[in-house]
Amino acid sequence: MPGAGRPVSPPAAAATGAARPTRDLAVSVFVVWRDRVLLHRHGKLGIWLPPGGHVEPGELPDEAAVREVREEAGVGVELVGEPPIHAPGPRQLARPRGVQLERIAQGHEHIDLVYLARPLQGYAGAVTGEEASMGWHGLASATALGLTPEVDAWVRLALAELGGPAS
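Quick caveat, the model's predicted, so the values are computed rather than measured.

Trainee: Hey, could you run me through the nonpolar core in this one?
Mentor: Nonpolar side chains in soluble globular proteins generally cluster together in the buried interior. Among the nonpolar cores identified, the biggest contains 19 residues, and Val27, Val29, Val31, Leu38, Val69 and Tyr115 are the most heavily contacted of them. For this core, the elements supplying multiple residues, two or more each, are strand E1 (22-33), helix H2 (61-73), strand E5 (77-80) and strand E7 (108-119). Apart from the residues within four sequence positions on either side, Leu38 is in contact with Val31, Leu49, Pro50, Pro51, Val69, Ala73, Val127, Met134, Gly135 and Trp136. If you look at the next biggest cluster of nonpolar residues, it comprises 18 residues, including Val32, Leu39, Ile47 and Val114.

Structural data, given as structure tokens:
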């Protein structure tokens, strides 16, 4: 999840002879609706983040992204982004807007697939999921939360690309 740790350079770890960290595949989803982005205050980390979490065994990353938003916010979403090609053959998955490596704890990292999304058609604005602090924030209210620089950059990008204000 964005903001969970500082970036780690794989060559730096290799150069020091450090043991290879354990890694989990995770998703983060910046959902935009009416020029607002969906954020919550993470209980353990104490920072504001978008919905997201681990990709479960046997689950596709785009399925995990949709599931995490529904669980945490009670909002059905569609991921935004074209598949890389339009051709018969293998199923094309939603392309994440970003992929990043985050240090979560000593010896553990997340490979985080960052998606942009919109609520499904007909959505009326209710947030009913398991995260009590989950809510919609315009750019001004989001930046007033004290976002990490990384989450701030993602919020700005999501709002700019999905029709919200860029500043």
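Trainee: Sorry, what's going on with the pairing of strand E2 (residues 36-41) here?
Mentor: As a general feature of sheets, a regular strand has side chains that alternate between the two faces. Taken together, the two bridges between E1 and E2 define a ladder with antiparallel strand orientation. Across the sheet, residue Val32 finds its bridge partner in E2, namely Val37. Connecting the antiparallel pair E1 and E2 is a turn made up of two residues, with Arg34 showing a positive phi of about 50 degrees. Alignment of E2 against strand E3 (residues 48-49), held across two bridges, turns out to be antiparallel. Looking at E3, one finds that Arg41 is bridged to Trp48.

Trainee: Before we go on, may I ask you to explain unusual backbone geometry in this structure?
Mentor: Non-glycine residue Arg34 carries a positive phi angle of around 50 degrees. Mapped onto the secondary structure, Arg34 falls in the loop between E1 and E2. At Asp35, a position not held by glycine, the phi torsion is positive, near 60 degrees. Mapping Asp35 onto the fold places it in the loop between E1 and E2.

Analysis parameters
- Residues numbered from 1 in each chain as written.
- Predicted model: local features only at pLDDT ≥ 70, side-chain atom pairs only at ≥ 80, totals over all residues.
- Heavy atoms only, no water.
- Core = buried A, V, L, I, M, F, W, Y, C linked by side-chain atoms within 4.5 Å.
- Buried < 20%, exposed > 50% of the residue type's maximum accessible area, 1.4 Å probe, protein only.
- Helix = DSSP H or I, 4+ residues; strand = E, 2+ residues; numbered from the N terminus.
- Contact = heavy atoms within 4.5 Å.
- Pairing = 2+ DSSP bridges.

Don't take any of this as a statement about function, it's just geometry.
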